[in-house]
Amino acid sequence: METVVSGIRSTGKLHLGNYYGAIKNFLKMQDEYNCFFFIADLHSLTTHPTPENLQDNVKQVIVEYLAAGIDPEKATIYVQSDVTEVVELYLYLNMNAYLGELERATSFKDKVRANPDNVNAGLLTYPVLMAADILLHRATKVPVGKDQEQHLEMTRTFGNRFNRLYKNEYFPEAYAFSYGNNLIKIPGLDGKGKMGKSEGDANCVYLSDKPEAIRKKVMRAVTDSGPTQENQVKPTEIQNLFDLMQVVSTSDTVQHFDDLYNKCQIRYGDLKKQLAEDMVVATEPVRSRIEEIAADDAYIRKVINLGAEKARESAQQTIKDVREIIGFRKF
Ligand code: TYM
């Protein structure tokens, strides 16, 4: 059976980008593949969380994974730092990851631009740790949003390089997976790029946001002064709202507002009201479970202990094989 690996950084609450980009459309994978869903807490250290924040954020992601429908009976849910084998594989892969290619990664360049005072080595080798996450279980499918595509390409590069160096076929190639559709990019509410935590809270709709908070944020989303010519191309901020609608609303609703836009009769207030209500409905099943699961520490502990055990079993086999291939052999 093919193996699937999916990860979310532990930086706190999950937003609609995480949900649609990496969870919602992939729930049925649990029935079809050997799935590992993990919380990337080692990756989150690049931004130096306090110990309290780190722990709270890890818990938050576990709770929301579970609330969103990842089933610990079917998939393995684990915390990255519980499976320290990944750190060993990261070290081996680092020996064949080159400065030039790491510096060229888009995510690295973005981070350098956003935080010029914190260009640490962990940030530079972030894609190597991500490759280690995937290769650790010899996965072939990785459900991710569009923003992670380049990291998947780097994962293939590192895995293939290892195979070439040691003249074997140990690591399979992993591809970004989305059931035959294009990889998804959920836009934010600020009229610019993707929905993302680093773009600020007002830009994100979180799964745990109360309906009133969702309405408030959506009503404040950036718009323009309205179309002036029939059938004109939508500017980014308006297209973004339509893209969000495409995800949470029915196709009739999207068509309705698209027609109004094309006839220059659209009222953005109406569009936003509808969008907010559809977001409230779309997130309700997850939101309603978050509090209940968060209150059950014993259950959470059980889930991650079981997950760590299952993930370690797979990881230990890989590390054993890799050590042998590299030449760390018993005398
Ligand atoms: P992270 O934590 O930034 O995001 C987690 C997942 O959510 C997706 N995502 C989005 N998808 C569509 N639109 C958006 N606006 C949006 N924002 C986030 C991401 O594509 C991702 O799938 N490096 C990864 C975590 C990671 C990982 C891995 C993922 C570490 N190791 C191994 C897969 C396999 C990250 O920072 O994701």
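For the structure itself, consult the block above.
The rules behind these values
- Residues numbered from 1 in each chain as written.
- Predicted model: local features only at pLDDT ≥ 70, side-chain atom pairs only at ≥ 80, totals over all residues.
- Heavy atoms only, no water.
- Helix = DSSP H or I, 4+ residues; strand = E, 2+ residues; numbered from the N terminus.
- Buried < 20%, exposed > 50% of the residue type's maximum accessible area, 1.4 Å probe, protein only.
- Polar contact = N/O pair within 3.5 Å; in protein donor to acceptor, adjacent residues only side chain to side chain.
- Contact = heavy atoms within 4.5 Å.
- Near = heavy atom within 4 Å.
- Areas by Shrake-Rupley, 256 points an atom, 1.4 Å probe, with all protein chains shown as cover.
- Axes fitted to C-alpha atoms, helices over the stretch in contact; angles between N-to-C directions.
- Parallel < 35°, antiparallel > 145°, perpendicular 65-115°, else oblique.

J.: Describe the side chain of T318, and please don't skip the residues or the numbers.
T.: Inspection of the secondary structure puts T318 in helix α15 (residues 297-326). A relative accessible area of 3% means that T318 is categorised as buried. A distance of 3.3 Å separates the side chain of T318 from the backbone oxygen of S314, its partner in a polar contact. Setting aside residues no more than four positions away along its own chain, T318 makes contact with L135, L136, R138, Y170 and F171.

J.: Tell me what's going on with the site of the ligand, and back it up with residues and numbers.
T.: The ligand sits among 25 residues. The nearest are R9, Y126, D133, D147 and I186. Taking G145, its main chain carries an N or O atom lying 2.8 Å from an oxygen atom of the ligand. For the ligand, a nitrogen atom lies 2.8 Å from a polar atom in the backbone of I186. In isolation the ligand exposes 700 Å². Once the protein is present, 97% of that is buried. Counting only elements with at least two residues in the shell around the ligand, the list comes to β1 (3-9), α1 (16-22), β2 (34-40) and α9 (126-135).

J.: A description of the packing of α9 against helix α10 (residues 149-165) should follow, citing residues and the corresponding values.
T.: For the pair α9 and α10, the least separation of the axes is 9 Å and the interaxial angle reads 70°. Relative to α10, the element α9 lies roughly perpendicular. Contact with α9, carried on its side by Y126, P127, V128, M130, A131, I134 and L135, involves H151, L152, M154, T155, F158 and G159 of α10 and no other residues of that element.

Read these as spatial facts, not as claims about activity.
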